Amino acid sequence: MAIIKTVLGNIKGKVGDMILYEVQGQVRIRSTPLKVKDPKTPGQLAHRNRVRGVARLFRMLDLQLYADWQRAAEGMLASGYNLFVKRNLPYITAEGEVGQADAIGVSDGRLPLPEGLQAEAGEDGTVQITWERETHPCDWEVSRDLLQIVAYGAPKEGKAVKVRVVDPAAARRTDLHCEWQLPEGTPRPVRLYGYFRNALTSDATPSFYIGSYE
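Read on for an overview of the structure.

1. Focus: the packing of aromatic side chains
Under the criterion given, the structure shown has 7 aromatic pairs. Here W69 and F84 contribute two aromatic rings whose centre-to-centre distance is 5.1 Å and whose plane-to-plane angle is 80°, an arrangement assigned as edge-to-face. One end of the pair, W69, is in helix α2 (residues 63-72); the other, F84, is in helix α3 (residues 80-88), and 15 residues separate them in sequence. A relative accessible area of 0% places F84 in the buried class. Put simply, the rings of F58, Y66, W69, Y81 and F84 touch in pairs and so form one group of aromatic residues. Its end group placed over the ring of F196, R172 keeps NZ or CZ at 5.7 Å from the ring centre. Residue placement shows R191 over the ring face of Y152; its charged tip is 5.2 Å from the ring centre.

As structure tokens, this is what we get:
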């Protein structure tokens, strides 16, 4: 593979037996394979299913979460999608389903999570989330952070279902606690995740797992 820089504008496509494509402002060139193979060993089929499964999860993100992953990829020779796949692919089964719900990363922000964070989903649909008061001297940096809850529905008939992001109006700096009720009629199964977002900068924390309802 070769990497070139160009001042002629966007260049991409196939030229003879070479393919040109752009990644983070760099135009790259690779040759086309002389013979295309489509191996279907069990391991390769399982990998394809995992990739399809994690791609389906990515398509379910709302625009703000999508933007978080794109922001996380700034300065890298990778896209937000690439980061999402790298983060979550190990937790998808060979059948393309979520195998470890508590390990899935929904958000990948730059802000740190609060210390002492605990989350629990009760059988009656009540969600309890607690965290400790910030102890570092620059706690003004998190004064505008608000808790967000993500409801991640299961695909229906093979189609992705958009996640639902809820703002329960819990402030990271002052509340230190949130009690939230899963709305009646919420389609199930549903997995719940949380994260904090700064109301001024839109920066976010990594997500954490709350629980699931079948």
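2. A look at the packing of helix α1 (residues 42-59) against α3
At a closest axis distance of 10 Å, the pairing of α1 and α3 adopts a crossing angle of 125°. With respect to their mutual orientation, α1 and α3 come out oblique. Seen along the crossing, α1 lies across α3 with a hand that is right-handed. The residues of α3 that touch α1, namely those facing V51, V54, A55, L57 and F58, are G80, Y81, F84, V85 and N88. Taken together, the residues of the contact of α1 with α3 sort by class into 8 nonpolar, 2 polar and no charged.

3. Some details on the pairing of strand β10 (residues 190-198)
With 9 of 9 residues buried, β10 lies mostly within the body of the structure. Along β10, one buried face is formed by V190, L192, G194, F196 and N198 and the opposite face, lined by R191, Y193, Y195 and R197, is buried too. As paired strands, β10 and strand β11 (residues 208-213) are joined by 5 bridges and run antiparallel to one another. When the sheet's bridge partners are listed, Y193 is paired in β11 with Y209.

Conventions we followed
Residues numbered from 1 in each chain as written. Predicted model: local features only at pLDDT ≥ 70, side-chain atom pairs only at ≥ 80, totals over all residues. Heavy atoms only, no water. Phe/Tyr/Trp six-rings, centres within 6.5 Å; stacked < 30°, edge-to-face > 60°. Helix = DSSP H or I, 4+ residues; strand = E, 2+ residues; numbered from the N terminus. Buried < 20%, exposed > 50% of the residue type's maximum accessible area, 1.4 Å probe, protein only. Lys NZ or Arg CZ within 6 Å of the ring centre and 35° of its normal. Axes fitted to C-alpha atoms, helices over the stretch in contact; angles between N-to-C directions. Parallel < 35°, antiparallel > 145°, perpendicular 65-115°, else oblique. Left-handed = near helix turned anticlockwise from the far one by under 90°. Contact = heavy atoms within 4.5 Å. Nonpolar A, V, L, I, M, F, W, Y, C, P; charged D, E, K, R; others polar. Pairing = 2+ DSSP bridges.

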